[in-house]
Amino acid sequence: MKIELSIKPREKPFIPIEAESITPASFLEKMTEDITVWSGNREKKLTEIFDVKKSGNADSQKDVEIILNGDCSAVKRVGEYMKDGKISIMGNIGMHCGNFMSGGLIEINGDSDSWLGREMTGGEIICKGNTGDYCGSGYRGEKTGIKGGKITIMKDAGDYLGESMAGGEIIVNGSSGNMPGSEMQKGTITIYKDAVLPCPNMRGGICYVLGEAKEILPTFKQTGSIYNSDHKRELNIYEGDYANRSHKGKLFAGKTNKK
Amino acid sequence: MSELLIKNAYVIDPINDIKGEIMDIAIKDRMIADSVSDSAEVIDAKGCLTLPGGVDSHTHICGTKVNFGRYMSPEDMRAGRGRAQPHMYPVSGYSVPTVYANTYRYSALGYTTVLEGAMAPLEARHTHEEFFCTSLQDTMANTLFDGNWSVMEAVSDKDLKRVAAVVGWTLAAVKGFAVKVTNPGGTEMWGWGKDVGCIHQKIDHFGITPAEIIEYLIRANELLNLPHSVHLHCNNLGKPGNYKCTLETMQRTPNLNDKRQTLYMTHVQFHSYGGTKWGDFCSKADDIAWMLNRKPQIAIDMGQVMFGKTTTMTADGPMEFNLYRLYNNKWSNHDVELETGSGIIPVFYSRKNLVNSVMWSIGLELALMTKNPWQCMLATDNPNGAPFVKYPEIIALLMSSRYRDEEFAKIHPDTGKRVHLPSLDREMDFYEIAVMTRAAQAKALGITDIGKGHLGEGAYGDVAIYPIKNNDIDPSRDYSKIIEGFSLTDYTIKSGRVISRHGNCLLNGNNRTIWVKPKISEEYNMSNDPEFVKKFERYYSVSMENYPVEEEYMNKRNICIETETGL
Ligand SMILES: [Zn+2]
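Conventions we followed
Residues numbered from 1 in each chain as written. Chains lettered and ligands numbered in written order. Predicted model: local features only at pLDDT ≥ 70, side-chain atom pairs only at ≥ 80, totals over all residues. Heavy atoms only, no water. Helix = DSSP H or I, 4+ residues; strand = E, 2+ residues; numbered from the N terminus. Rg over C-alpha atoms; globule rule 2.2 N^0.38 Å. Contact = heavy atoms within 4.5 Å. Areas by Shrake-Rupley, 256 points an atom, 1.4 Å probe, with all protein chains shown as cover. Lys, Arg positive; Asp, Glu negative; His and termini not counted. Charge placed at Lys NZ, Arg CZ, Asp CG, Glu CD. Buried < 20%, exposed > 50% of the residue type's maximum accessible area, 1.4 Å probe, protein only. Salt bridge = Lys/Arg side-chain N within 4 Å of Asp/Glu carboxyl O. Pairing = 2+ DSSP bridges. Core = buried A, V, L, I, M, F, W, Y, C linked by side-chain atoms within 4.5 Å. Donors = N, O, S within 2.8 Å, 3.2 Å for Na, K, Ca; no water. Polar contact = N/O pair within 3.5 Å; in protein donor to acceptor, adjacent residues only side chain to side chain. Buried area = accessible area lost by both parts, 1.4 Å probe.

Engineer: If you had to explain the overall build of chain A to someone new, which residues and values would you point to?
Structural biologist: Counting its secondary structure elements, chain A contains 2 helices and 18 strands. Its C-alpha atoms give chain A a radius of gyration of 19 Å, near enough to 18 Å, the size a compact globule of 259 residues would have. Its C-alpha atoms put chain A at 60 × 35 × 30 Å along the principal axes. By sequence separation, contacts in chain A at least 24 residues apart represent 35% of the contacts at least 6 residues apart. Roughly 11,400 Å² of accessible area belongs to chain A as shown, and the carbon and sulfur atoms make up 46% of that amount. In chain A, 35 positive and 35 negative side-chain charges are present, and the distance between their average locations comes to 3 Å.

See the structure below:
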C-alpha cells in the first residue's frame, strides 16, 4: 500500500500540527477519513490538512509506504511508535519525527527539526539534510535516550546529539554542535567532522569525533592513540568522564583541543 | 440558600460515635443541619459507605519545595496526563503533579481537607498561591521552626515566653497553621556541612540540643493554645538504628493537653529502624508501637512506603544528601536564610530491594501494632513514601491479611527475618479506617471544633460516598474491591456542594485556608522587639515590613483561628 500525503496551503502555516497518527499502523488499521491530527488546539481530519492519495493493498505494516510531500517543517511526531514499513519525507520535517520508533525506515530528504528519533529502540532513520538539537536523545529529565536502531545524518547535527544514549548507533557525516553524547551510557556515535565539548558526564559507550574535538573536558584522561584503518587516520583515545562515578566511556578524537 | 439531602447512607462518623447506621444527612447552606425543606436537592446513597470528607494531616502538595520537585523532574509530567474537561483544567504528573492534578485526585479519593507538611516561613507566599488553586480542599500549612535563629537563641536563654512570642508572631505573619520541626537543629548544622547525631548533641553556635528545642517548642505551643500540637519530624531520619533516638524523643514527651496529643510525630516508618548499617537493617516497629501504646499524649502517622517511582522532599537537607549519595541521581539542596533548608531527590522503591521491602513492612506494622487507631494516621508523607493515590491500596493492606501475605510473597525473600509483619493477623474494619483517614486526623489537628472531620450538626457539609456496600463485601477476601471502592467516590461533597462525581470534578469547591493568630500582648509583640527587628535588618534578604503575608493576598474565604494565650 502506498499513501501519498501532500500538505495543503494553510492560512497560518506556523501553527504546529501534531501528527502522531501518520504511521503505517494507522493507515493499515483505520479508514483514511477516521484519521485525525491536531492543528494547534483543534482536532482536524487528516484530509483537511493533506491531500491523500492511497493506492494498493497491504497485509502488514511492512507493506505500507507513506510519502509526505511539501514543506512539513511544522508537522510534528510523524512516525511516532512506528513498528514497520516506510515513511519517505520529500522535504523538511518538524520536531519529534520517529519518537519511540521500534522498526521500519524513515527517510528524510530535507532537514529535520529537533528531537529526531527521540527514545527510539529500533529501526532506521536517514536524514539527508541537517538535523536540529537533541537528535536521538531522551526527553527532558529522562535518563535514557535512544536504546537501539540507527540514525544517519548526511549533513550537520545540532546540540546534545544522543544525550543519555543507551544503545544503537548515530552517524553524523558533518559536524555536531555542543555536547554530543552527554550522559551517554552505551552505543556508538560517529561524527565525521567537528564537535564541541564531547561526551560530558559519559558513563559508557563509544564516541568518535573524526575531525576536531573542541574543548575536551579536563575530566577526560588520554590513554594513548591508535591508527584507525576504517577512517584512515590517527585518533587520540580518551577515557571518561571522571566527573562521573562510573567512567567507562571511550572518546576517540582526530585533532583535539583541550581547554 | 442551598439545601442538600443525602438519603439512605451507611454512615460511619467516629467523632460522633456513629459506627455504621443507615441514615439521612441534611446539609443547609454549607453546614450539616438537623433537617432540610422538601425543595432540597436529593442524593440517594443507596446504602453505600458514607464518611466525613477525608483529612490528610501530612502531605506535601503546595510550596517552593514541591514546585522545585516539578522543575527538576520534567519526566514526571509524562505520567498522569489528562485533557481539559468542561469544569477541569488539563493535568499531568504523578509524584509531583500539577496543582490541579493534586486537588482533583484528592477529591476523587474523598478528601476535602489537607495539611501541607512543611512551609518555610520566608517562602510562605508561594504556598498560599498554590493553596489558592487547590480549589477542592481546605488547606493548612505546617510552619517550619527547626532552625529558626530567634527561637534557638531564646531556647539558649531558657526564655520560654520569648520562644512563644517568636512562634506566635511568625505564625500570624505567614498565615501558618501549626509548628513543624524537621530534624531540629540538624538543618542549621547542615548549613555548616554537618548534621546532629541524636537529640542530645549540641548545635554549633547556639549551644543547645534538639531535645531542648523540642521541649521548649512543645511548651510554647501550649502557651499559645494552638489547635494542633507540635508536629515533629524526628532527628536521624532513614538511618539504621534511629529507633533509639525516636524512643527517647517519645519517652521525654510530657502530657500537657487533654483534648488532643501533645506531640504529633510524622512519618514514623522512617524513624523505626534497627540495626547498625544497611547490612543488618531491621524493623523496630514493635518497640515504637509498644511505647506509643503507653503514651496517649503522642499521635503518629505511618509514613507508609509503597513500591514504585516517587520523589522525596523534605526540609531535612542532610538526610537528602545521604540519599543522594545512595542513589547517585539528581539532587537539589536549598537553604532558607535564618529558618531552615530543604533537599529533593527522585527515588524508586523496589520490591526486589531488601531495604525497601523492610521499609514497606515497617509502616504497616506500626499501624497494625498500634492498639488505638486514633493514635496512628494513614499517610505516606506524600510523595515521600508514595504518592497519595496509593492510599486505597494501603487501606486494603490494613483490612486484609490475605492481601498482605500475597504482597509479602512478592518482596525480597530475606525480608521475613527482619520484620514482624507475617505474624500480624489483625484486620482493620471500616470504622478503624474511617478513624485513620479522617476522624483521628481532624482531632489531632484540632479542627473538629470548627466543624471539620465529622458530620455533627453545625459541621461543614464535607461528605464522601464510596461505592462500597458494607454487607456485600468481605474486605479480607475482596481486597481488590476495597482498593477500587476507595479509589473513586460516587460523590465527594464539600461545604454542601458536590465537587467530584466519579472523578469528574464539578465545580470550584470554595476552598478555604485555615490559619492561626495567637492573641499576644504588646509587651510580647516581636514587631516592637529591637533585637528581632535588627535580625531582619542585618540578616534577612527581605525587610520586616515585607515579610508578612497580607490577608488580602490569601483567598477571601479563609478561616482565622484566634487563640487566647499566656502572653
Ligand atoms: Zn513530610
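Engineer: Can you break down the overall build of chain B residue by residue, with the values?
Structural biologist: Of regular secondary structure, chain B possesses 16 helices and 24 strands. What you see for chain B is a C-alpha radius of gyration of 22 Å, in line with the 24 Å of a compact globule of 567 residues. For chain B, the spread of C-alpha atoms along the three principal axes comes to 65 × 60 × 45 Å. The burial tally for chain B puts 65% of its 567 residues in the buried class. Restricting to contacts in chain B with at least 6 residues of sequence separation, those with at least 24 account for 77%. Averaging the positions of the 59 positive and the 69 negative side-chain charges in chain B gives two centres separated by 4 Å.

Engineer: Just give me the short version of the pattern of salt bridges, but keep the residues and values in it.
Structural biologist: Side chains that differ in sign of charge can pair as their charged atoms come close. Overall, the coordinates contain 31 salt bridges over all chains when judged by the stated rule. In this structure, B:R78 and A:E119 form a salt bridge, with 2.9 Å as the shortest nitrogen-oxygen distance. With B:R78 in the loop between helix 1 (64–72) and helix 2 (99–108) and A:E119 in the loop between strand 9 (105–108) and strand 10 (124–127), this pair bridges two chains. Given a relative accessible area of 24%, B:R78 falls into the partly exposed group. Between B:E130 and B:R70 there is a salt bridge; the shortest N-O distance is 3.2 Å. One end of the pair, B:E130, is in helix 3 (residues 124–133); the other, B:R70, is in helix 1, with 60 residues separating them in the sequence.

Engineer: Tell me about the sheet that holds strand 9 (residues 178–182) of chain B, residues and numbers included.
Structural biologist: Sheet strands line up and pair through hydrogen bonds in the backbone, either parallel or antiparallel. All names here are of chain B. Spatially, 8 strands are ordered 6-7-8-9-10-11-14-18 in an open sheet, and the strand pairing comes out parallel. Lying at the two open borders of the sheet, with one neighbouring strand each, are strand 6 (54–59) and strand 18 (376–377). Relative to strand 18, strand 14 (residues 298–301) runs parallel, the two sharing 2 bridges. Its bridge partner lying in strand 18, D301 is registered against M377.

Engineer: Go over the pairing of strand 9 of chain B, please, and point to the residues and values.
Structural biologist: Residues and elements named next belong to chain B. Of all 5 residues that make up strand 9, 5 are buried, and the element is covered over most of its length. Alternating residues of strand 9 divide into A178, K180 and T182 and V179 and V181, and every residue in both groups is buried. With 3 bridges connecting them, strand 8 (residues 138–144) and strand 9 associate as parallel partners. Looking across to strand 9, one finds that L144 is bridged to K180. Summarising the sheet, strand 9 and strand 10 (residues 230–233) pair through 3 bridges and their orientation is parallel. Residue pairing across strands places V181 opposite L232, the latter belonging to strand 10.

Engineer: Explain the nonpolar core residue by residue, including any values.
Structural biologist: Membership of the largest hydrophobic core comes to 148 residues, with the highest contact counts inside it found for B:F177, B:L217, B:L398 and B:F486. Broken down by element, the residue count for this core peaks at 11 residues, all from helix 11 (residues 354–369) of chain B. Those residues in contact with B:F486 that lie beyond four places of it in its chain are B:L49, B:L51, B:L109, B:P392, B:I395, B:F430, B:I433, B:Y466 and B:I468. Counting residues in hydrophobic clusters, the runner-up holds 55 residues, among them A:L46, A:C72, A:L161 and A:F220.

Engineer: How would you summarise the coordination of the zinc ion if you had to cite specific residues and measurements?
Structural biologist: All names here are of chain B. Binding of the zinc ion to the protein goes through H58 (NE2), H60 (NE2) and D381 (OD), at separations of 2.0 to 2.1 Å. Written as a sequence motif, the donor arrangement for the zinc ion is H-x1-H-x320-D. Like H60, H58 is buried.

Engineer: Can you tell me about the side chain of B:Q137, naming the residues and giving the values?
Structural biologist: All names here are of chain B. Tracing the chain through its elements places Q137 in the loop between helix 3 and strand 8. Relative accessible area serves as the criterion here: at 0%, Q137 is assigned to the buried category. A distance of 3.0 Å separates the side chain of Q137 from the backbone oxygen of Y111, its partner in a polar contact. Excluding its chain neighbours within four sequence positions, the residues that come into contact with Q137 are T103, Y106, S107, Y111, T112, T113, V114, K494, N511 and R512.

Engineer: Pulling in residues and values, what's your account of the environment of B:N225?
Structural biologist: Residues and elements named next belong to chain B. In this fold, N225 is placed in the loop between helix 7 (210–223) and strand 10. What makes N225 partly exposed here is its relative accessible area of 42%. C-alpha of N225 to C-alpha of G117: the two residues are 108 residues apart in sequence and 20 Å apart in space. Those residues in contact with N225, other than ones at most four positions away along the chain, are T563 and E564. In terms of polar contacts, N225 uses its side chain to reach the backbone carbonyl oxygen of E564, at 3.2 Å.

Engineer: An account of the sheet that holds strand 2 (residues 17–18) of chain A is requested, with residue identities and associated values reported.
Structural biologist: Residue and element names in this part refer to chain A. Spatial strand order, 4-3-2-7: 4 strands in an open sheet with mixed pairing. Taken across any chain shown, the strands that pair with only one partner, and hence form the sheet edges, are strand 4 (42–45) and strand 7 (75–76). Bridge analysis of strand 2 against strand 3 (residues 36–39) gives 2 bridges, and the strand direction is antiparallel. Among the inter-strand pairings, I17 is bridged to a residue of strand 3, identified as S39.

Engineer: Which residues make up the interface of chain B and chain A, and what values do they have?
Structural biologist: The figure often quoted for interface size is the accessible area lost as the parts come together. Contact residues are listed per partner, giving 8 residues for chain B and 11 residues for chain A. Taken together, both faces of the contact between chain B and chain A bury some 730 Å²; the carbon and sulfur share is 38%. Inspection of the chain B/chain A interface yields 2 salt bridges. For the pair chain B and chain A, the interface holds 5 residue pairs in polar contact (both at pLDDT 80 or more).

Engineer: Quick rundown of unusual backbone geometry? Include the residues and the values.
Structural biologist: Here the bond from A:G240 into A:D241 is cis, since omega is 0 degrees, no more than 30 degrees from zero. Tracing the backbone through its elements, the reader meets A:D241 in the loop between strand 17 (233–240) and strand 18 (249–258). Along the chain, B:N382 connects to B:P383 via a cis peptide bond; the corresponding omega equals -5 degrees. Turning to its location among the elements, B:P383 is positioned in the loop between strand 18 and helix 12 (391–399). In this model, A:E119 sits at a positive phi of 55 degrees, which is unusual for a non-glycine residue. Given a relative accessible area of 11%, A:E119 falls into the buried group. The phi dihedral of B:N328 is positive, around 55 degrees, even though this residue is not glycine. Mapping B:N328 onto the fold places it in the loop between helix 10 (317–327) and strand 16 (332–336).

Everything listed here is a matter of geometry and, on its own, says nothing about what the molecule does.
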